[in-house]
Amino acid sequence: EFLTGMGIPCRYSTSILQEVGTFAIDGYSANVLTDQEREHILKQSVLIDGKGAEVLLSRGFGDKIGVKSVENKKITINSEIIKKFARKDGTYIRIPSRVPPLCWNKIQFSEKATILSEFLTAEGEKAPALTRFNNKDGGKVVIYPAFNEAKYVPPICNTKPTIEII
């Protein structure tokens, strides 16, 4: 729900092991995938939200997503600082937060990860936001540590709700 709310078009995939492309994993999807499916997806290009990163780390996939630790923060994000682009005067671009209140994880990333943006809290604390990591299996992992706190209950079906970005 968080990805589609940001305007990222995606669909659920029912044949994960046969698919190649760009995937997205949220906390719910990360919980229901098998290890074989997780391994397959993490060899592709994948966008992971904060809860997805939390689940994958707890399942032993931290080295494949470039994450060392995850801490749920109960602080509201004020803005996001885009670190990949700077103005002519050298200052970074700062945009209003798109993150729902209290819905983000403070993630400690691998030294090999590239931090593309940072969250800024009302208290002035900075934390990595959009981050890119290339794993040793050829996977290109992008993590946005926000998530949607809505209690999503999927329809009864025989599919695993892994999202493929269109």
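This text goes with the structure placed above it.
In every chain, residue numbers begin from 1 and rise along the written sequence. Reporting of local features is limited, given that this is a predicted model, to residues whose pLDDT is at least 70; pairs of side-chain atoms are given and counted only at 80 or more, and all residues count toward the totals for whole chains, interfaces and linings. The basis for the side-chain values is all heavy atoms of the structure; hydrogens and waters are excluded.

**Considerations on the pairing of strand S12 (residues 140-144)**
Operational definition: Strands are treated as partners if at least two bridges between them are detected by DSSP. Helix numbers and strand numbers start at the N terminus; a helix is a DSSP run of H or I with at least 4 residues, a strand a run of E with at least 2.
The sheet contact formed by strand S3 (residues 45-49) and S12 spans five bridges and is parallel. By the bridge assignment, Ser45 is partnered in S12 with Lys140. Between the antiparallel neighbours strand S11 (residues 131-134) and S12 lie five residues, among them Gly138 with a positive phi of about 90°.

**Focus: the pattern of salt bridges**
To be explicit about the condition: Here, a salt bridge means any side-chain nitrogen of Lys or Arg that lies within 4 Å of a carboxyl oxygen of Asp or Glu. For the exposure calls, accessible area comes from a 1.4 Å probe over protein chains only, and a residue counts as buried if that area is under 20% of its type's maximum, exposed if over 50%, partly exposed in between.
Considering all chains together, one arrives at nine salt bridges under this definition. Of the charged contacts, one joins Lys73 and Glu71 as a salt bridge, the two residues approaching to 3.8 Å between their closest N and O atoms. Of the residues examined, Glu71 reaches a relative accessible area of 43% and is grouped as partly exposed. A single network of salt bridges, built from pairs that share partners, joins Glu71, Lys73, Lys106 and Glu125.

**Comments concerning the nonpolar core**
Convention followed: Note on terminology: a nonpolar core comprises buried Ala, Val, Leu, Ile, Met, Phe, Trp, Tyr and Cys residues joined through side-chain atoms within 4.5 Å. Residue contacts are counted whenever heavy atoms from the two residues lie within 4.5 Å of one another.
Core analysis: the largest hydrophobic core is formed by 21 residues, its most contacted members being Ile25, Val46, Ile48, Ile65 and Ile143. Elements represented by at least two residues in this core include exactly strand S2 (22-25), S3, helix H4 (50-58), strand S7 (104-109) and S12. Look past the residues within four positions of Ile48 in its chain and what remains in contact with it is Ile25, Leu42, Ala53, Leu56, Ile65, Val141, Val142, Ile143 and Tyr144. The next biggest cluster of nonpolar side chains, apart from the first, holds eight residues, and it includes Ile77, Val99, Trp104 and Tyr144.

**Quick notes on the packing of aromatic side chains**
Heads up, the rule is: Ring pairs are drawn from Phe, Tyr and Trp, using the six-membered ring of Trp, whenever the two centres fall within 6.5 Å, and their geometry is named by plane angle: stacked under 30 degrees, edge-to-face over 60, tilted for the rest.
With the rule as written, the count across this model stands at two aromatic pairs. Taking 5.6 Å as the distance between ring centres and 75° as the angle between the ring planes, the aromatic pair formed by Trp104 and Phe119 counts as edge-to-face. Taken together, the residues span a long stretch of sequence, with Trp104 in strand S7 and Phe119 in strand S9 (residues 117-121) at a distance of 15 residues. For Phe119, a relative accessible area of 0% translates into the label buried. Considering the side-chain rings of Phe119 and Tyr144, the 5.6 Å spacing of their centres and the 75° angle between planes classify their relative orientation as edge-to-face.

**What about the side chain of Lys64?**
Positionally, Lys64 belongs in helix H5 (residues 62-65). Residue Lys64 is classed as buried on the basis of its relative accessible area, which comes to 13%. Look past the residues within four positions of Lys64 in its chain and what remains in contact with it is Glu39, Leu42, Phe133, Asn135, Asp137 and Val141.

**Observations concerning the sheet that holds S9**
Rules: The convention used is that axes are lines fitted to C-alpha atoms, helices contributing only their stretch in contact, and that angles between N-to-C directions extend from 0 to 180 degrees.
Across the sheet, which stays open at both edges, the four strands sit in the order S6-S5-S9-S10 with antiparallel pairing between neighbours. Every other strand in the sheet has two partners, leaving strand S6 (92-96) and strand S10 (126-128) as the edge strands with one partner each. Taken over all neighbouring pairs, the strand axes of this sheet differ in orientation by 30° on average, direction set aside. Both strand S5 (residues 77-86) and S6 contribute to a ladder of five bridges, which runs antiparallel. Note that in S6 the partner of Ala86 across the bridge is Tyr92.

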